[in-house]
Every structure is written in C-alpha cells, then in structure tokens.
Amino acid sequence: TLRRASHKTMPGQSRWPAPVLLPDDLDDTDAPDALVCPITQELMTEPVLVTTNGRTYQREAITRWVREHGTDPLQRSERLSEGDLAPNLAVRQMVEAWAREKCGGRLPPQPTEPGPVRVAPAPSRQAPAPAPAPAPRAP
C-alpha cells in the first residue's frame, strides 16, 4: 500500500509536481529535521516554500493553516495568502533521495501528473488555537 498526499493548482500557479510516493511501512523517525514539516512533524511528501520567509511546510498542512488563519504558523504576525506558496523542488528532491536510500535504492513508481488537493476541514472551535510549538524530534 502506498501513502500519497494530494494536490491542486494554487492561485497564481499553473502546475505543481506530484507528491513523493512512499511505502506505508517507511520508518521516517530519523528523517533530517529539514525534511520534516513543522506543523505535522511528519516527513514532507509535498514540500511548499513560503516565498516571503523561506520556510517550508507540508502542502496540505500549510494550505489549511493559511486558509484558516492567514498567517505563518511559526510567526503569526506575518500575513500570508495561498499566493505566497510555491513548490519547494529542492526539498522534494532531498525527500525522495533520503527515502530511496532508506528503501535500499528503490521507491514505488512516482506519478508524473498532479491531481487535486483535498484539504480536510479543521474541527470547529470557538477561538483560534495558538500556534503549536515545534516539538523536539526524538534522537
């Protein structure tokens, strides 16, 4: 079974690369911090660059955050829109190379065409929650 993030064209963008497909049983607990999303604390399969500050997040997580809050989750005083997001191709290549090495040189066949992104609605809450503090990664 494969784990796959989904995606769509963002405003101002015409095309986004397909996510990196990873085996479900890939142990990513020792992934380098630069490849881990500060929001989800998971290996990014669709890394997105915030063009205004250079931070990188998992696409679905930052898209949801921007839609709900309109700010950067690590710097809430900084206003963001979806137009401030762009694919981070360098980090995507690093994720693919790291995962390939972990999988003995082989990954599932990678898609060449993007598909739609599905951003799950966040649970309703009465007041916005504070930004999560980045959790330390286990050694």
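The coordinates are above.
Residues numbered from 1 in each chain as written. Predicted model: local features only at pLDDT ≥ 70, side-chain atom pairs only at ≥ 80, totals over all residues. Heavy atoms only, no water.

**Considering the pattern of salt bridges**
- Counted under the stated rule, the structure contains eight salt bridges.
- The partner of Arg-55 in a salt bridge is Asp-72, with the nearest N and O atoms 3.4 Å apart. Taken as a pair, Arg-55 in the loop between β3 (47–50) and β4 (56–58) and Asp-72 in strand β5 (residues 71–72) lie far apart in primary sequence, 17 residues in all.
- Judged by relative accessible area, Asp-72 falls into the buried class, the value being 0%.
- Several salt bridges converge on common partners, so that one network encompasses Arg-55, Asp-72 and Glu-78. (Salt bridge = Lys/Arg side-chain N within 4 Å of Asp/Glu carboxyl O. Helix = DSSP H or I, 4+ residues; strand = E, 2+ residues; numbered from the N terminus. Buried < 20%, exposed > 50% of the residue type's maximum accessible area, 1.4 Å probe, protein only.)

**Overview of the packing of aromatic side chains**
- Overall, the coordinates contain zero aromatic pairs when judged by the stated rule.
- The aromatic ring of Trp-16 is capped on one face by Arg-59, whose charged end is 3.8 Å from the ring centroid. (Phe/Tyr/Trp six-rings, centres within 6.5 Å; stacked < 30°, edge-to-face > 60°. Lys NZ or Arg CZ within 6 Å of the ring centre and 35° of its normal.)

**Quick word on unusual backbone geometry**
- Phi at Gln-41 is positive, roughly 60°, even though this residue is not glycine.
- Mapped onto the elements, Gln-41 comes out in the loop between β2 (22–23) and β3.
- With relative accessibility at 26%, the residue Gln-41 sits in the partly exposed group.

**Details of the nonpolar core**
- Core analysis: the biggest nonpolar cluster contains 24 residues, and Leu-22, Leu-43, Ile-62 and Trp-98 have the highest contact counts within it.
- When residues of this core are traced back to their parent elements, those giving at least two are β3, α1 (59–69) and α2 (89–102).
- Ignoring any residue separated from it by four or fewer positions in sequence, one finds Leu-43 in contact with Leu-22, Leu-26, Asp-28, Ala-31, Leu-35, Val-36, Gln-58, Val-95 and Trp-98. (Core = buried A, V, L, I, M, F, W, Y, C linked by side-chain atoms within 4.5 Å. Contact = heavy atoms within 4.5 Å.)

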